[in-house]
There are 2 protein chains.
Amino acid sequence: MKCGVDIGGQSVKIGFIDNKKLMYSYSIKTNNDTLFDDIFKSIKEYINKNNIKIDFIGFGIPGNVKNNYIYKMPNIGIGDIDLNKISKQYFNLPINSSNDANCAALGEALNGKYKSSYFITLGTGVGGGYVYDNKLVEGNTCSAAEIGHLFIDYKHNYQCTCGLKGCLETVASSVGIIRLAKEYKNQYKTNIDFDNISAKSVFDNAKLGDELGLFVLNYVSKSLALAIRNICVTVDPECIYIGGGVSACGNILIDRIKYYMNEVGFYASKDVVIKLAGLGNDAGMIGASLL
Amino acid sequence: MKCGVDIGGQSVKIGFIDNKKLMYSYSIKTNNDTLFDDIFKSIKEYINKNNIKIDFIGFGIPGNVKNNYIYKMPNIGIGDIDLNKISKQYFNLPINSSNDANCAALGEALNGKYKSSYFITLGTGVGGGYVYDNKLVEGNTCSAAEIGHLFIDYKHNYQCTCGLKGCLETVASSVGIIRLAKEYKNQYKTNIDFDNISAKSVFDNAKLGDELGLFVLNYVSKSLALAIRNICVTVDPECIYIGGGVSACGNILIDRIKYYMNEVGFYASKDVVIKLAGLGNDAGMIGASLL
């Protein structure tokens, strides 16, 4: 059995995976001062109690990591961590690690039937992972699939957290979706409750035919279609997976993206398979265990 | 020794390569009705006459090819050709084939020191090739690195030959460069001779400080920087090679691209190595021989 650890800002998901299937999982709270000691102690306790044998531990890291050295985890506020060193205090096992979006991409890919795929995750930000020939492509600076920073939205040219403007993330993340709804709220009729707005509520209203909701859904979908066109003319994968919290709105988003691919897709690759990621919140753990 | 064949609209370059180095080469005229018979007969004659032993023939095809079946060569006007079948009439040797820009990319990559690189060729059109872990990535529909069709130029949104608008090719190809010069000729002082204009003459004038020439050079360089930013956030290669006829203007183009990478590049990858392709017209033959 392999162990996959998916570290998040609020909680750490720990799973035990056999033959690419999640057998057991649980989560612990993210304490930034004792994070990795908590994780290793907890794994030791769990496998002893449940009589589980593991031969590998993989980590999905919300930040920059290379050769098991974590440079920075911005949302947790810690960094400069040598995972190999800490691991040896608890286990005599091989470990590996990658960015959390990469892990989710690998999990989706190895549970699907496509050898080359591109994963786009739509959450507070927009990230992704590129799997080629069933292996992760991490890139020279570990920033392959920083796909939220494709230059896409020349129309608004909103400031992105990365310092650039017009990045995909500025319109296709949950933050971007809410901003678009606010920016256009006087131009379209709407029932959106702006006191309790979320990306989900914008798209839920779109499903009910809300004019503003539909405008935002279409704008985001067209931006994603442009991004997918750019991904396809760059690497031409077999499949694009769309995951992350924003994708929970379901097939309405996939359908609109496919519609716009007809308009803005490159002829040779505009019929690329585009589908919702299937593993949901488990993708990170499963992918980490397969690193 | 390996044989590499680079098919062009006017001539076919045939080379004999040993340990990645071009030892002998010559070219024959492109006759569209007898193209492959001409090529195979000529190779047979040449190796017999010069007592050369070959164990492989690779082909760079100006068009769509998959599994040695050529679908279309638009500039030569022929297609639906089974290369395996024709080859067997002349040789009992393994063969392989790929798009011509892919071959050039592979030639550059394997003669360089970077395991992952992206090649951009600027000619009448804009093409490219992506080499990962020293191997070509051709893509699911053989349209990986159709990098001329990245969506980049939202400002003019010129019609592209592919049917879309605003593709990189509409501004960074020789055709695009000439169009830009014509479009802005009343807005900048210039000594460009519009009766004999070429991409080279535009950039040659830029080198002399011509205002219009510099405007076009900067516009093209910034467009290429945006394209490279998109390539980097998608696959994060170690090196970007710039080749093709337009790149003959030399380091002035590379320097301007690097300048704009500081402005529009993604922070993690904006220092990616960007350099002129070194093999020139030999890259296609050399790469084809290494397929």
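Since the structure is predicted, the reported quantities are computational estimates derived from the model, not experimental observations.

*Asks:* Which parts of the structure should I look at to understand the relation of the copies chain A and chain B?
*Replies:* After a rotation of 180° and a shift along the axis of 0.0 Å, chain A superposes on chain B with an RMSD of 0.0 Å. Here the transformation between the copies is reduced to the relation of a two-fold axis. A high fraction, 100%, of the interface residues of chain A reappear at the interface in chain B, so the copies pair face to face through one surface.

*Asks:* Would you explain the sheet that holds strand β8 (residues 95-99) of chain A in this entry?
*Replies:* For sheets, the rule is that strands pair by backbone hydrogen bonds, running either parallel or antiparallel. Residue and element names in this part refer to chain A. Taken together, the five strands give an open sheet; going across it, the order is β3-β2-β1-β4-β8, and neighbouring strands pair in mixed fashion. The open sheet is flanked by β3 (21-29) and β8, the only strands paired with a single partner. Pairs of neighbouring strands in the sheet enclose a mean axial angle of 20°, with direction left out of account. Pairing geometry for strand β4 (residues 57-61) and β8, over five bridges, is parallel. Looking across to β8, one finds that G60 is bridged to S98. With respect to the sheet, helix α1 (residues 35-50) is in contact with β1 (2-7), β2 (11-18), β3 and β4, its orientation differing from that of β2 by roughly 40°. Here helix α2 (residues 83-90) sits on the sheet in contact with β4 and β8, set at roughly 140° to β8.

*Asks:* I would appreciate a short explanation of the interface of chain A and chain B in the present structure.
*Replies:* A common way to report how large an interface is uses the accessible area buried once the components associate. With 41 residues of chain A at the contact, the number on the chain B side is 41 residues. Across the chain A to chain B interface the summed buried area is about 3200 Å²; carbon plus sulfur atoms make up 59%. Counting the surface chain A buries against chain B, the share from its top three residues, F151, T234 and D236 of chain A, is 20%. Summed over the shared surface of chain A and chain B, the number is zero salt bridges. In this structure, the connection of chain A to chain B is made through 22 residue pairs in polar contact (both at pLDDT 80 or more).

*Asks:* Explanation requested: the packing of aromatic side chains in the structure shown.
*Replies:* Given two aromatic rings, their pairing is described by the distance between the two centres and the angle made by the two planes. On inspection of all chains with the given rule, the structure shows 33 aromatic pairs over all chains. Taking 5.5 Å as the distance between ring centres and 10° as the angle between the ring planes, the aromatic pair formed by F40 of chain A and Y90 of chain A counts as stacked. Pair noted here: F40 of chain A is in helix α1 and Y90 of chain A is in helix α2, with a separation of 50 residues, a long-range link. Comparing F40 of chain A with Y90 of chain A, the two get one shared label, buried. Consider the rings of Y184 of chain B and F215 of chain B, whose centres lie 4.4 Å apart with planes at 45°: the pair is tilted. Remark: F215 of chain B occurs in helix α7 (residues 211-235) and Y184 of chain B occurs in the loop between α5 (174-183) and α6 (199-207); sequence separation between them is 31 residues.

Rules used throughout
- Each chain has its residues counted from 1, running along the sequence as written.
- Following the order in which they are written, the chains are lettered starting with A and the ligands numbered starting with 1.
- Only residues with pLDDT of at least 70 get local features here, since the model is predicted, and only at 80 or more are side-chain atom pairs given and counted; chain-wide, interface and lining totals rely on the full set of residues.
- No hydrogens and no water enter the side-chain calculation; it runs on all heavy atoms of the structure.
- Least-squares fitting of one copy onto the other uses the C-alpha atoms of those residues that reach a pLDDT of at least 70 in both copies.
- Note on contacts: a residue pair is in contact if any heavy atoms of the two residues lie within 4.5 Å.
- The criterion for strand pairing is that DSSP finds at least two bridges linking the strands in question.
- Helix numbering and strand numbering both begin at the N terminus, where a helix is a DSSP run of H or I of at least 4 residues and a strand a DSSP run of E of at least 2.
- Note on method: axes are straight lines fitted to C-alpha atoms, helices fitted across the in-contact stretch only, with angles between N-to-C directions ranging 0 to 180 degrees.
- Two parts placed together each lose some accessible area; with a 1.4 Å probe, that loss summed over both constitutes the buried area.
- One side-chain nitrogen of Lys or Arg within 4 Å of one carboxyl oxygen of Asp or Glu is enough to make a salt bridge.
- N or O atoms closer than or at 3.5 Å make up a polar contact, with two conditions inside protein: a donor-capable atom paired with an acceptor-capable one, and, for residues adjacent in sequence, both atoms drawn from side chains.
- Ring pairs are drawn from Phe, Tyr and Trp, using the six-membered ring of Trp, whenever the two centres fall within 6.5 Å, and their geometry is named by plane angle: stacked under 30 degrees, edge-to-face over 60, tilted for the rest.
- Only protein chains enter the calculation, and the probe is 1.4 Å; a residue is then buried if its accessible area is under 20% of its type maximum, exposed if over 50%, and partly exposed in between.

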